[in-house]
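Notes for the structure review
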Amino acid sequence: MLLIDGLDSWGLLVLRFFLGFIFFYHSIPKLIASDKMAKGMGWSSSSVFLLGFVELIAGLGLILGFYAEIGALLVGLIMLGAIYYKVFKWKISFFSADKCGWEFDFILLGAAISIIFLGAGEISLDFLFGLWP
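Residues numbered from 1 in each chain as written. Predicted model: local features only at pLDDT ≥ 70, side-chain atom pairs only at ≥ 80, totals over all residues. Heavy atoms only, no water.

Points about the overall build of the protein
Our working rule: Comment: elements are numbered from the N terminus, with helices defined as DSSP H or I runs of at least four residues and strands as E runs of at least two. Any residue under 20% of the maximum accessible area for its type is buried, any over 50% is exposed, and the rest in between are partly exposed; the area is computed with a 1.4 Å probe on protein chains only. For every accessible area listed, the method is Shrake-Rupley and the probe measures 1.4 Å; residues are considered covered only by the protein chains on display.
Within the protein, the regular secondary structure consists of six helices and zero strands. Listed by position from the N terminus, the elements making up the protein come as α-α-α-α-α-α. C-alpha atoms of the protein, sized along the principal axes, occupy 45 × 30 × 20 Å. For the protein, with 133 residues in total, the buried portion stands at 35%. Of the roughly 8200 Å² that the protein leaves accessible, carbon and sulfur atoms contribute 75%.

Pasting the structure below:
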């Protein structure tokens with residue numbers, strides 16, 4: 001039982017908004033400066049642009065609560081890829097004092113999994129259009 005009953009959809013809205021905003025914000029440099037980002041990541045600029053586009057669409061979907069579970073799935077897959085690169089390719093530890101460890105990626109993955117399990121909630125376009133039970 002929640003401390004204050006009836007606020008679960010508000011909690012999901014907050015979770016969706018914050019997660020979606022992070023991905024929306026992080027998509028912009030990938031879309032605008034994909035060549036520069038590609039050099040730092042060791043990817044092609046078209047791959048970085050595609051990643052930015054997916055982050056943009058998933059972020060907007062999460063913010064609006066429109067096909068939120070699909071947006072969360074995409075975000076989760078992106079975070080699994082980020083964790084893979086940080087752990088196995090770039091050898092970055094969970095916490096690092098001199099660079100961003102993968103603890104941030106880990107909590108974003110957890111937030112995405114939560115939305116996959118819980119759905120968008122009643123304060124969403126999914127609910128408005130009958131896409132959420």
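Side note on the packing of helix 1 (residues 8–32) against helix 3 (residues 45–64)
Rules: Between the N-to-C directions of two axes lies an angle of 0 to 180 degrees, each axis being a line fitted to C-alpha atoms and, for a helix, fitted only over the stretch in contact. In this scheme, roughly parallel covers angles under 35 degrees and roughly antiparallel covers those over 145, while 65 to 115 is roughly perpendicular and the rest are oblique. What makes a crossing left-handed is the near helix being turned counterclockwise from the far one by less than a right angle; a clockwise turn instead makes it right-handed. By definition, residues are in contact when any of their heavy atoms lie within 4.5 Å. Under the grouping applied here, Gly and all other residues not named as nonpolar or charged are polar, the nonpolar ones being Ala, Val, Leu, Ile, Met, Phe, Trp, Tyr, Cys and Pro and the charged ones Asp, Glu, Lys and Arg.
As a packed pair, helix 1 and helix 3 sit with axes 7 Å apart at the nearest point and diverge in direction by 155°. Between helix 1 and helix 3, the angle is such that the two are roughly antiparallel. In this structure, the crossing between helix 1 and helix 3 has a hand that is left-handed. Seen from helix 1, the contacting residues are R16, F17, L19, G20, F21, F23, F24, H26, S27, K30 and L31; seen from helix 3, they are V48, F49, L51, G52, F53, E55, L56, G59, L60, L62, I63 and L64. Taken together, the residues of the contact of helix 1 with helix 3 sort by class into 15 nonpolar, five polar and three charged.

Thoughts on the packing of helix 1 against helix 5 (residues 103–118)
Geometrically, a packed helix pair is captured by the angle between its two axes and the distance between the axes. Following both chains from N to C, one finds helix 1 and helix 5 inclined at 135°, their axes separated by 10 Å at the closest point. Taken as axis vectors, helix 1 and helix 5 run oblique relative to one another. Pair helix 1 / helix 5 crosses with left-handed handedness. Within the contact between the two elements, helix 1 uses L12, L15, R16, L19, I22 and F23 and helix 5 uses F104, L108, A111, A112, S114, I115 and L118. Considered class by class, the residues forming the contact of helix 1 with helix 5 number eleven nonpolar, one polar and one charged.

Everything listed here is a matter of geometry and, on its own, says nothing about what the molecule does.
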